[in-house]
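Observations on chain architecture
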Amino acid sequence: MTLKPCTISELQALLTRSRGVDAVSLDAVADLIEHVPGDMTATVQAGMRLADFQARLAKVGQWLPVDPPEPETVTIGSLLADNLSGPRRFGCGTIRDWLIGLAVVLPDGTLIRNGGRVVKNVAGFDLCRLFVGARDTLGIIVEATFKLLPLPEADACLAKPCDSLGQAEELLEKIWTSELQPSVLDLHRIDGGPLTLVIGFAGPSADVEAQSEVATGLRFAGGASLDYDARFRRTTPHFPSVAPADLASTLRTLGDESFVARAGNGVIYHPSAEPPKLPSPELQKRVKEMFDPEGVISG
Amino acid sequence: MKSKADKKDLTRRLAEIVGDDAVLTDEQELVVYECDAYTLQKNLPTAVVLPKSAREVAAIVRLCADLDLPIIPRGAGTSLSGAVLAVDGGVMIALTRMNRVLNVDPRNRRALVEAGCVNAWITRDAEKHGLFYAPDPSSQPACTIGGNIATNSGGPHTLKNGVTTNHVLGYEMVLPDGTVEWLGVEPNGGEEVGGYDLRGAGIGSEGMFGVVTRALVRLSKTPPAFKTFLGVFASVEQASRAVSDIIAAGIVPAALEMMDQLITQALEEAYRFGFPLDAGAVLIVELDGLANGVEQQARQVDEICRQNKASEVRLARDDAERAALWKCRKRAFGAIGRLSPNYVTQDGVVPRGKLPEIMRFIRTVSERHDLRIPNVFHAGDGNIHPLILYDERDPAQVKRALQAGDDILGKCIELGGSVTGEHGIGAEKIDFMSRQFTRDDLEAMQQLRRVFDPEKRCNPHKMFPGAKRCAEFTQKKQVAA
């Protein structure tokens, strides 16, 4: 059953008389509540599309530092519930790192808030982290407050085709131990295309220029695009991860299969990936039972 | 633990697990553990145990579960909110003998450490690889990583680097029933972890979910360039305007710290750094990153400070001077001993733009209660640290000091902030929870607590309204009243 409330209070009312809810559309709950540029914070309702949110922030030169595929369709709610990220994850971290406050409607219809609107806050337990990636199974996120960053003055991406995994591995080591501070570090091989290493830099233009020059010295070519990420990831629902040092050896086991890897993070997207194993299953079960004892929300 | 016989039995059974030399039950030995750095409430634990392994911790916890005794995990005892106070007795599990850095893994930029490992030791062992552990609370030469996880510790450099939850990848925790779970990223594992983020849920839980025994932390690359400025201003307002302008220019400094005149004077007297004695406010701005960008931003910061009428903008000449400056800043609380026999500090947070307003409010509070209140704070985060000076021998002053703290934190909530940015609720700020959160918000937190500790036996009587208080505190309150 999909719920389509027009307001947060309607969602509260709907949940109290529903069972087996498997989706909630918050298209009607999509306002920017507050953006305080001087505090570098913003509060937004969960139905707003990420691209719209970013456009509003960009007006004063700020952004929420995440870049998942298809920001035109991704809502703030799904960004959080599915813990979405993109190539800049290496430099910016994930949405968990930028979230400072949440409003959630619990399965019994209660509206709760956790965290707040200030960037540093340790009052009470941290339910914010718990709800990120919980796929809305513990409650429906209706509003979120984020820390923001200034848009980088410059941003550049460079790519280099590699002859072999061994060569890519060698280059990665070189980059890893250098002074370079990439915001993107990807390795991909898509549909029989060349194995390609992608490096991105963002920040003060002087730094981006100097680093791009170093990368050019390593035979990277400028003007690269990150479009491959969104195109490829439509077909990869699951993505395993390994310690970054184990990346190349793991990629070798994939044979000829296509993949996009966040080389700096050790995250690998590929079509035959299995869902990750569930750690601490007993605790996981208890969390769901505690927040949704009646099974109002499926999953 | 009501009777002596019980205590003897408990001592014996604890000693069977950890050995005689790791169990303290004599009152004289226990006094050390009667409070942490928050000294307004004190109470003795029934016993203190000093385990050397997670296996011993689990055995202690299981024994306490059998005997229905509270357990109180403790690191270095540097909490400023009474987070490790044994409100109702119980077995205090001190992790100080489990303090090793087990492994520094430069290739994966991670370190595996025991919970009692001192924060600063991680960077000490990692820096030869050009890496460091980012969260840097002022107590970092003493505080432990387990305690940092419990309080989600920050520090002066959180503005750019984030806090503990952004840097602890995973940890091992002994739950109150004695089971051992690894939450989050496993050693040698990948950073995508399935299911709910139990790791994140437990960070900042103030030791109420279980006893952390090991932690896997993220190491960051040491930036190649630093520039640290000292800006001297006539007033806190002027310095605050400089802070706003720096942020508006799109610069995110590594740290943005402010100290008012009373603090700089005390620091100067204590450490002779060379702070100006007549400045209304001193701003520390630290930029880090790659050389070119830092150079570019340094010119902007210098200009912004001067535009806001800084009487002096001083650049730390070298690493030694920079280190000396930070040493002074981090020892600010220590210098207060020169000004007053006692102080109580708060760590409320306001939206950054409200800093001038909260500073004006603190001045009126200071006048109203006739107490001196020096300020040193993380201006970039809006995280204030008013130090309310009082003399505990004067009951009227104690009462006024408590009221002044109450007034300031109430104002933080009113301005849309929080009553604590770093120190935690602990035993100290329980009364504020129902002012900052609704009953439903608090009940949701309690639900999470029941997942980990259905019997509420782990570090009980903390954080939530209605908790029991120490007898001694009640007495003091009566004296104060």
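Residue indices begin from 1 for each chain and proceed along its sequence in written order. A letter from A marks each chain and a number from 1 marks each ligand, given out in the order of writing. For a predicted model such as this one, the threshold for reporting local features is a pLDDT of at least 70, and the threshold for listing and counting side-chain atom pairs is 80 or more; totals across whole chains, interfaces and linings nevertheless cover every residue. Just so you know, side-chain values use all the structure's heavy atoms and leave hydrogens and water out.

**Some remarks on the interface of chain A and chain B**
Between chain A and chain B, the contact holds 67 residues from the first and 82 residues from the second. A quick way to say it: buried area is the sum, across both parts, of accessible area lost when two parts are put together, with a 1.4 Å probe. Contact with chain B buries area across many residues of chain A, yet Lys 120, Val 122 and Phe 125 of chain A alone supply 15% of it, more than any other trio. Counted as salt bridges are all cases of a side-chain nitrogen of Lys or Arg within 4 Å of a carboxyl oxygen of Asp or Glu. Inspection of the region where chain A meets chain B yields seven salt bridges. Measuring nitrogen to oxygen at the nearest pair gives 2.7 Å for the salt bridge that ties Arg 89 of chain A to Glu 191 of chain B. When contributions to the side of chain A that touches chain B are tallied by element, the ones reaching two or more residues are helix 4 (89–92), strand 7 (111–115), helix 5 (127–131), strand 9 (149–150), helix 6 (165–177), helix 7 (205–217) and helix 10 (281–291) of chain A. Counting from the N terminus, the helices are the DSSP runs of H or I reaching at least four residues and the strands are the DSSP runs of E reaching at least two. The leading source of residues in the side of chain A that touches chain B is helix 10 of chain A, at seven residues. Split into classes, the residues belonging to the side of chain A that touches chain B amount to 36 nonpolar, 15 polar and 16 charged. Whether two residues are in contact is decided by their heavy atoms: any pair within 4.5 Å suffices. Nonpolar residues are Ala, Val, Leu, Ile, Met, Phe, Trp, Tyr, Cys and Pro. Charged residues are Asp, Glu, Lys and Arg, and all others, Gly as well, are polar.

**Looking at the packing of helix 13 (residues 355–369) of chain B against helix 14 (residues 395–414) of chain B**
Residue and element names in this part refer to chain B. Axes here refer to lines fitted to C-alpha atoms; in helices the fit is confined to the stretch in contact. Angles between the N-to-C directions go from 0 to 180 degrees. Contact pair helix 13 / helix 14: the axes reach a minimum separation of 10 Å and the direction vectors enclose 160 degrees. On the basis of their axis angle, the class for helix 13 and helix 14 is roughly antiparallel. Of the two elements, helix 13 crosses helix 14, and the hand of that crossing is right-handed. Facing helix 13, whose interface residues are Glu 357, Ile 358, Phe 361, Ile 362, Val 365, Arg 368 and His 369, helix 14 presents Arg 400, Gln 403, Ala 404, Asp 407, Ile 408, Lys 411 and Cys 412. Across the contact of helix 13 with helix 14, the residue classes tally to seven nonpolar, two polar and five charged. Put simply, angles under 35 degrees are roughly parallel, angles over 145 are roughly antiparallel, angles from 65 to 115 are roughly perpendicular, and the rest are oblique. The handedness criterion is simple: a crossing whose near helix is rotated anticlockwise from the far helix by less than a right angle is left-handed, and one whose near helix is rotated clockwise is right-handed.

**Considering the domain arrangement of chain A**
Residues and elements named next belong to chain A. When the domains of chain A are assigned, the result is domain 1 (2–151) and domain 2 (154–269). For the domain bounds, the source is a domain assignment made automatically or taken from a database. Of note, the centres of domain 1 and domain 2, computed from C-alpha atoms alone, are 29 Å apart. Listed per partner, the contact involves nine residues of domain 1 and 17 residues of domain 2. Summed over both partners, the interface of domain 1 with domain 2 buries about 1,200 Å², with 56% contributed by carbon and sulfur atoms. Viewed at the interface, domain 2 and domain 1 are joined by one salt bridge. Here the side of domain 1 that touches domain 2 is built from residues that sort into three nonpolar, three polar and three charged.

**Digging into helix 8 (residues 236–248) of chain B**
Residue and element names in this part refer to chain B. With 13 residues, helix 8 extends 18 Å from end C-alpha to end C-alpha; this agrees with the ideal 18 Å at 1.5 Å per step. To sort residues, take the accessible area from a 1.4 Å probe on protein chains only and compare it with the maximum for the residue type: under 20% means buried, over 50% means exposed, and anything in between is partly exposed. All of the buried residues in helix 8 are Val 236, Glu 237, Gln 238, Ala 239, Ser 240, Ala 242, Val 243, Ile 246 and Ile 247. Buried residues in helix 8 make contact with strand 12 (225–233), strand 13 (255–260), strand 14 (281–289), helix 10 (291–307), helix 13 and strand 17 (376–378). To estimate how far a helix should reach, multiply one less than its number of residues by 1.5 Å.

**Details of the pairing of strand 4 (residues 91–94) of chain B**
Residue and element names in this part refer to chain B. Alternating positions in strand 4 separate into two faces, Val 91 and Ile 93 on one and Met 92 and Ala 94 on the other, with burial throughout. If DSSP finds at least two bridges between two strands, the strands pair. Note: strand 2 (residues 47–49) against strand 4, three bridges, orientation parallel. Across the sheet, the residue bridging to Val 49 is Ile 93, located in strand 4. Note that strand 3 (residues 71–74) and strand 4 share four bridges and pair parallel. Along strand 4, the bridge assignment pairs Ile 72 with Met 92.

**Quick word on the pattern of salt bridges**
Counted under the stated rule, the structure contains 49 salt bridges over all chains. Between Lys 285 of chain A and Glu 282 of chain A there is a salt bridge whose closest N-O contact spans 3.8 Å. Within this pair, Lys 285 of chain A and its partner Glu 282 of chain A are both found in helix 10, separated by three residues, close to a single helical turn. Relative accessible area serves as the criterion here: at 46%, Lys 285 of chain A is assigned to the partly exposed category. Classification of Glu 282 of chain A by relative accessible area gives partly exposed; the value is 47%. The partner of Arg 100 of chain B in a salt bridge is Glu 114 of chain B, with the nearest N and O atoms 3.0 Å apart. Here Arg 100 of chain B, found in the loop between strand 4 and strand 5 (101–105), pairs with Glu 114 of chain B, found in strand 6 (residues 110–114); they are 14 residues apart in sequence, far enough to count as distant. Note on Arg 100 of chain B: relative accessible area 49%, which makes it partly exposed. Take Glu 114 of chain B: its relative accessible area is 5%, and that puts it in the buried class.

**A closer look at the packing of helix 8 of chain B against helix 13 of chain B**
Residues and elements named next belong to chain B. Contact geometry for helix 8 and helix 13: axes closest at 10 Å, N-to-C directions at 160 degrees. With respect to helix 13, the axis of helix 8 lies roughly antiparallel. Here helix 8 runs over helix 13; the crossing is right-handed. For the pair formed by helix 8 and helix 13, the contact residues are Val 236, Glu 237 and Ser 240 on the first element and Pro 356, Met 359, Arg 360 and Arg 363 on the second.

**Here's the deal with the packing of aromatic side chains**
Pairing of aromatic rings covers Phe, Tyr and Trp, the last through its six-membered ring, and needs centres within 6.5 Å; plane angles under 30 degrees mean stacked, over 60 mean edge-to-face, and all others mean tilted. Scanning the model with the defined rule gives nine aromatic pairs over all chains in all. Ring centres of Phe 125 of chain A and Phe 209 of chain B lie 4.7 Å apart, and the angle between their planes is 55 degrees; on these two criteria the pair is classed as tilted. Here the residue Phe 125 of chain A occupies a position in the loop between strand 7 and helix 5, and Phe 209 of chain B occupies one in the loop between helix 7 (198–202) and strand 10 (211–218), the pair thus bridging two chains. Owing to a relative accessible area of 1%, Phe 125 of chain A belongs among the buried residues under this scheme. An aromatic cluster of at least three residues, connected via ring pairs, comprises Phe 125 of chain A together with Phe 209, Phe 452 and Phe 464 of chain B. Charge-over-ring placement is defined geometrically: NZ (Lys) or CZ (Arg) within 6 Å of the ring centre, and within 35 degrees of the ring normal. When the ring centre of Trp 176 of chain A is taken as origin, the NZ or CZ atom of Arg 109 of chain B, which lies over that ring, is 3.8 Å away. Just above the ring of Phe 226 of chain B sits the side chain of Arg 322 of chain B; from NZ or CZ to the centre is 3.6 Å.

**Section: the sheet that holds strand 1 (residues 23–24) of chain B**
Residues and elements named next belong to chain B. Across the sheet, four strands lie side by side as 1-2-4-3; this open sheet has mixed pairing. Looking at the sheet topology across the chains shown, the edges are occupied by strand 1 and strand 3. Sitting on the sheet, helix 3 (residues 54–67) is in contact with strand 2, strand 3 and strand 4, with an inclination near 170 degrees to strand 4.

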